Amino acid sequence: MATALRFLIVDDFSTMRRIVRNLLKESGFTDADEAEDGVAALNKLRASKFDFVVTDINMPNMNGFQLLTEIKQDEKLKHLPVLMVTAEARKEDIVAAAQGGAAGYIVKPFTKATLEEKVNLIIKKLEL
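Residues numbered from 1 in each chain as written. Predicted model: local features only at pLDDT ≥ 70, side-chain atom pairs only at ≥ 80, totals over all residues. Heavy atoms only, no water.

**So, empty space enclosed by the protein**
Inclusion rule: The definitions used throughout rest on a 1 Å grid laid over the protein atoms alone, on which a cavity is an enclosed set of points accommodating a 1.4 Å probe that cannot get out and a pocket is an open set flanked by protein within 12 Å on both sides along at least five of seven lines; lining residues are those having an atom within 4 Å of a point. Grid points are joined across faces, edges and corners, and a volume is the space filled by probe spheres set on the points. Counting from the N terminus, the helices are the DSSP runs of H or I reaching at least four residues and the strands are the DSSP runs of E reaching at least two.
Per the counting criterion, the structure on display carries 1 cavity of 30 Å³ or more. Of the pockets and cavities examined, the largest cavity occupies roughly 40 Å³. Counting only elements with at least two residues in the lining of the largest cavity, the list comes to strand S1 (6-10), helix H1 (14-26) and strand S3 (52-56). Here the lining of the largest cavity gets 3 residues from one element, more than from any other, and that element is S3.

The following block contains the structure:
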């Protein structure tokens, strides 16, 4: 069941993490954890079980693209869908996300409907 999925929300801005977490909760996805950058996210992903990653692209220490690369190169993590979130809708970023194996891409600011639709589409596609 979709609501049983465990999300990891990665963003260097705590307010954004809280917004994404609340939007997911309103969409019925109540199990979520947070990380402030790619390094912290990778540590959490390797230490605990997650089903879905929602990550910002622009972060210090390890950005979203670097995190995506690390996830896709890790045998234990590469199955995880990664939804990229960014404030910039640059074509090269969208292409890089797709080539890197991201499951989807949304641009801030976004609505609950946009996030919910994207997440549900990915869940359906990957049969989670």
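**Focus on the sheet that holds strand S2 (residues 31-35)**
This is how it is decided: Only strands joined by at least two bridges in the DSSP assignment are considered to pair. An axis is simply a line fitted to the C-alpha atoms; with a helix, the fit covers only the stretch in contact. Between two such axes, the angle follows the N-to-C directions and lies from 0 to 180 degrees. Any two residues whose heavy atoms approach within 4.5 Å at even a single point are treated as in contact.
Read across the sheet, 5 strands follow the order S2-S1-S3-S4-S5 without closing on themselves; strand pairing throughout is parallel. Taken across any chain shown, the strands that pair with only one partner, and hence form the sheet edges, are S2 and strand S5 (104-107). Strand-to-strand twist in this sheet, taken as the mean axis angle between neighbours without regard to direction, amounts to 20 degrees. Sheet topology places strand S4 (residues 82-86) next to S5; 4 bridges connect them, and they run parallel. Residue methionine 84 lies in a different strand from S5, and its bridge partner there is tyrosine 105. Strand contacts of helix H5 (residues 112-126): S1, S3, S4 and S5, with the helix running at about 175 degrees to S5, the strand carrying the most contacts.

**Here we look at the packing of aromatic side chains**
What characterises a pair of aromatic rings is the spacing of the ring centres plus the angle enclosed by the ring planes. Short version of the rule: Only Phe, Tyr and Trp rings take part, Trp by its six-membered ring, and two of them pair if their centres are within 6.5 Å. Stacked means planes under 30 degrees apart, edge-to-face means over 60, and tilted covers everything else. Two conditions define a charge sitting above a ring: the NZ of Lys or the CZ of Arg must be within 6 Å of the ring centre, and it must be within 35 degrees of the ring normal.
Across all of its chains, the model carries 2 aromatic pairs by this definition. One aromatic cluster is present, built from ring pairs that chain together Phe7, Phe29 and Phe52. Between the NZ or CZ atom of arginine 6 and the centre of the ring of phenylalanine 50, over which it lies, the distance is 4.2 Å.

**Side note on the packing of H1 against H5**
Definition in use: In what follows, roughly perpendicular refers to angles from 65 to 115 degrees, roughly parallel to angles under 35, roughly antiparallel to angles over 145, and oblique to any angle outside these ranges. For any pair of crossing helices, the crossing counts as left-handed if the nearer helix is rotated counterclockwise from the farther one by less than a right angle, and right-handed if it is rotated clockwise. Nonpolar residues are Ala, Val, Leu, Ile, Met, Phe, Trp, Tyr, Cys and Pro. Charged residues are Asp, Glu, Lys and Arg, and all others, Gly as well, are polar.
Their axes nearest at 10 Å, the elements H1 and H5 cross at an angle of 70 degrees. As far as their axial angle goes, H5 and H1 are roughly perpendicular. The two elements H1 and H5 cross, and the hand of that crossing is right-handed. Here Val20, Leu23, Leu24 and Glu26 of H1 come into contact with H5, specifically with Lys112, Leu115 and Val119. Class assignment for the residues of the contact of H1 with H5 results in 5 nonpolar, no polar and 2 charged.

**With respect to the pattern of salt bridges**
Using the following cut-off: Any Lys or Arg side-chain nitrogen found within 4 Å of a carboxyl oxygen on Asp or Glu counts as a salt bridge. For the exposure calls, accessible area comes from a 1.4 Å probe over protein chains only, and a residue counts as buried if that area is under 20% of its type's maximum, exposed if over 50%, partly exposed in between.
Within this structure, the stated rule accounts for 15 salt bridges. The partner of arginine 90 in a salt bridge is glutamate 88, and the shortest N-O contact between them spans 2.6 Å. Here arginine 90 falls in the partly exposed class, since its relative accessible area comes to 38%. When salt bridges with common partners are traced through the structure, they connect Arg6, Asp31, Asp33 and Lys44 into a single cluster.

**Some points on the environment of valine 95**
Following the sequence through the fold, valine 95 ends up in helix H4 (residues 91-100). You can call valine 95 partly exposed: its relative accessible area is 40%. Residues valine 95 and tyrosine 105, spaced 10 residues apart in sequence, show a C-alpha to C-alpha distance of 9.9 Å.

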